[in-house]
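# Structural description and commentary
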Amino acid sequence: MSNYIVLVKQVPDVSQITDNAFDLETGTLIRTRLKSVINELDTQALAMADQMKHQNGDEHSKIICLTMGPPMAQEVLKYALGRRVDDAVLLTDKTLGGADTVATANPLAFAVKKIVREFFNNNDDYYVICGMQSVDGDTAQVPPQIAEELNLPCIAYVTDVAYKDNRFEFTGIIAGGSQTVAVKKPPAVITVAEHKYPLFATFADARKAEKMDITQWNSPDINAELIGVNGSKTSVIRVFPPGKSIRKKQKLENTQSLAKIIQQKSKSRTPESARKNNAQKLYRLPKNRVAKFNRSFEATKKENEDFKILSDTLKKLNITDINRINRSTKEQILDVAGKHFHKKALDDMLNGLELTNSTFKGDVWVVAEHDGREIHPATFELIGKAAALANSLGVNTGVCLAGANLKKMTEKIIHAGPDKIYLIEHQLLEQFDPAAYRKAVADCIGSHLPQIVLFAATPRGRMLAPMVSYRLGCGLTADCTSLDITDRSRTRNIGILLQTRPALGGNVMASICTKNSKIQMATARPGVFKMPDKPLNGKGKIIKHKIKLEHSDRSIDIIKTSVAPGEVNLNTEIIVSGGKGMQNRDNYEKLVGSLCEAIKQNLDVTIEKGASRAAVEHGLADRVRQVGQTGTAVKPKIYIALGISGAIQHMIGIANAETIIAVNSDPNAPIFKQSDYYIVGTVEQKIPELVKYLNLQNQNE
């Protein structure tokens, strides 16, 4: 008999976020100004648990719903109880507040243990089921970290489940396709990317749910090890609204105008700002700076201003040795500095000036990703970024490559120019198994202790990185769009990694630093960092890392892997993508295909067909063409979206396109707000017109 624990979360309704929802002084979200709702993917997890219970056919099995939050989070538990959940548990305590993903996963995992003891009588035939991520955090880190704490298999990005031969088979998203797997033995953690059959509450169920008791536990009840702010491995340094969109958001009245824009943009050169790829003043450790008291690389604007005032004051007072500063000298400094900082701040800054070496030690690493044949392009982007970070810190770059039959891939890594390549070669790593890879990669990192480790924020990387970081007791920041070396001198942190990422559906940005950790870890979105212009004649040293793996280290049986045949190159100048609005596969092939052919025939560019996740899930296109957070992140010269609404996961994947063009029949489609040019109308009408004008333009030239 299998039982089920469904994790749900109460989140702000990010679809209703306006400028009024932010504190203009701090840039933080005022949650009381937004309606709270259940995380959408968690509703799909509820539906999948219900499906699994009925497929298993055991009427005595239980579905328990668990959430962590303030007392008002009971609302989402009532929602769940109205949808055939047997019991609900609220983990609530003020000490749990302010937690990062580690200090969220840890108490939830301990609550799971308590549920197994008290609700399931220690029966370990159970599944922990949750949405793959929450809309307020978007990290996808908590479920894999819960799996790591409980030492359970983790199957991520699941879209379907079937009960065959006395076990569950899960089908989920992988890069370029899908894969069906089963855990060798429950329990296991399952994250849901999509479920097609939602649950609805009857009036009777809703009334019954209101009368049901909800079990409440606090911190002492679960006795977790990592709680709240103190248990967190990362800290938020700054929260701020994102910069104003550079998208033109220009509505076009006819397809003739659109044809001209496509022609013009196809010939345009990449802007200098895009080529610089977030270039900024090169960081240098304090010991390598010309000015002795230069602290111009602080993490916040205020700290930079304060240290500039202090530096100018010391110069004015002719102070060159901070070790000779006494109480009287401090009074002089405070008098000259005025009201800019108080005595405690001055003491902190003077202590910070004593530090000139980096807080963390070791090299800068990238964990390479591959499909068994080819290295993922994001790996090379990260190697370039790692080299820049390492150069600032005066250390080496390293690449960790795990798998089987690695010779050809090793050669490609060497040409990318890292100083060292750490090879973990084992036949049990021939196919990706999260548990086996986590053990191998964590063992290698733990043995050599680099100071920074970067993973690609692909579906695989977003599962592996949280498991590795949790196993090593290190902080992790997800989906970074910027990585910079900075100082926080007042807290005695020098040369640390400032990790900036979007949150709340891209409505807010957060700069984060690692704390209480030996290693700083981050995942970075593919396409954010620049691919090296040309291969280097690398002379990297190969270091073989031996790992002892047994068949028991593998957690899953891979039943079927489906990858679409043929070559698909989404690293191209123009991508034409179709969404659910194409309605059927014939429309997709006809309309997307005809536009691609017209552009190919009339413009001197490379072009490829793409698709949204909704289009793939509805069978309109093959998974290998999927663009977005759970597909492929792209950065073409022109991205043309046909019948795509603009879900955040899709927009994340196309954020680095130079020009975004959208065609949609819905005048309020969210994608229009994030496009450069758009036309309101059906694809069946607009695309044939666009093809005609593209052909006419070519004939008239």
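Structure first, text after, so check above.
Note that the structure is predicted; figures quoted are calculated from it, not measured.

Let us look at empty space enclosed by the protein. One simple way to see leftover space: roll a probe sized like a water molecule over the atoms. Per the counting criterion, the structure on display carries 4 cavities of 30 Å³ or more. Taken as a whole, the largest cavity holds about 110 Å³ of empty space. For the largest cavity, the lining is made up of 13 residues, of which Val367, Ala368, Glu369, Arg460 and Leu464 are closest to its centre. Those elements that provide at least two residues to the lining of the largest cavity are α15 (434–448), β17 (452–456) and α16 (461–472). Among the residues making up the lining of the largest cavity, the classes are represented as 9 nonpolar, 2 polar and 2 charged. Looking at the second largest cavity, its volume works out to about 50 Å³.

So, on to the pattern of salt bridges. Overall, the coordinates contain 31 salt bridges when judged by the stated rule. Note that Asp487 is salt-bridged to Arg289, the shortest N-O span being 2.7 Å. With Asp487 in strand β19 (residues 482–488) and Arg289 in the loop between α9 (272–276) and α10 (301–316), this pair connects stretches of sequence that are 198 residues apart. Here Glu589 and Lys609 are joined by a salt bridge, their closest N and O atoms 3.0 Å apart. Taken together, the residues Glu589 in helix α17 (residues 585–602) and Lys609 in strand β26 (residues 607–611) connect sequence positions 20 residues apart. A relative accessible area of 34% means that Glu589 is categorised as partly exposed. We classify Lys609 as buried; its relative accessible area is 17%. Several salt bridges converge on common partners, so that one network encompasses Glu303, Lys344, Asp348 and Arg490.

Moving on to the sheet that holds strand β12 (residues 234–240). One open sheet holds the 4 strands; their spatial order is β12-β21-β20-β19, and the pairing between them is antiparallel. The open sheet terminates on both sides in strands that have one partner only, identified here as β12 and β19. Within this sheet the neighbouring strands show an average axis-to-axis angle of 35°, counted without direction. Direction of pairing for strand β20 (residues 493–503) relative to strand β21 (residues 508–514): antiparallel, over a ladder of 5 bridges. Residue pairing across strands places Ala503 opposite Val508, the latter belonging to β21. Strand contacts of helix α13 (residues 377–393): β19 and β20, with the helix running at about 15° to β19, the strand carrying the most contacts.

Right, let's talk about the state of the cysteines for a bit. Scanning all chains against the criterion turns up 0 disulfides. Of the cysteine sulfurs around Cys154, a residue in no disulfide, the closest is that of Cys130, at 7.6 Å. Judged by relative accessible area, Cys154 falls into the buried class, the value being 1%.

This paragraph deals with the nonpolar core. Proteins that are soluble and globular tend to have nonpolar side chains buried together. Counting residues in hydrophobic clusters, the biggest one holds 69 residues, and the most contacted among them are Ile5, Ile445 and Met521. Sorting elements by how many residues they give to this core places helix α3 (residues 101–118) first, with 8 residues. Residues from two domains meet in this core; each of domain 1 (3–232) and domain 4 (364–559) gives at least three. Contact partners of Ile445, with chain neighbours within four places excluded, come to Trp365, Val367, Pro450, Val453, Val468, Leu472, Ile519 and Met521.

Moving on: unusual backbone geometry. The residue after Pro186, namely Pro187, is reached through a cis peptide bond having omega 10°. Its identity is not glycine, yet Ala140 carries a phi of approximately 60°, on the positive side. The topology assignment puts Ala140 in the loop between β6 (126–131) and α4 (142–150).

This part takes up α4. Here α4 lies mainly inside the structure; 9 of its 9 residues are buried. For α4, the complete set of buried residues consists of Val142, Pro143, Pro144, Gln145, Ile146, Ala147, Glu148, Glu149 and Leu150. Phi turns positive, to about 55°, at Asn151, one or two residues after α4.

What counts and what doesn't
Residues numbered from 1 in each chain as written. Predicted model: local features only at pLDDT ≥ 70, side-chain atom pairs only at ≥ 80, totals over all residues. Heavy atoms only, no water. 1 Å grid on protein atoms, 1.4 Å probe; cavity = no way out; pocket = protein on both sides within 12 Å on 5 of 7 lines; lining within 4 Å. Points joined across faces, edges and corners; volume = space filled by probe spheres on them. Helix = DSSP H or I, 4+ residues; strand = E, 2+ residues; numbered from the N terminus. Nonpolar A, V, L, I, M, F, W, Y, C, P; charged D, E, K, R; others polar. Salt bridge = Lys/Arg side-chain N within 4 Å of Asp/Glu carboxyl O. Buried < 20%, exposed > 50% of the residue type's maximum accessible area, 1.4 Å probe, protein only. Pairing = 2+ DSSP bridges. Axes fitted to C-alpha atoms, helices over the stretch in contact; angles between N-to-C directions. Contact = heavy atoms within 4.5 Å. Disulfide = S-S within 2.5 Å. Core = buried A, V, L, I, M, F, W, Y, C linked by side-chain atoms within 4.5 Å. Domains from an automatic or database assignment.

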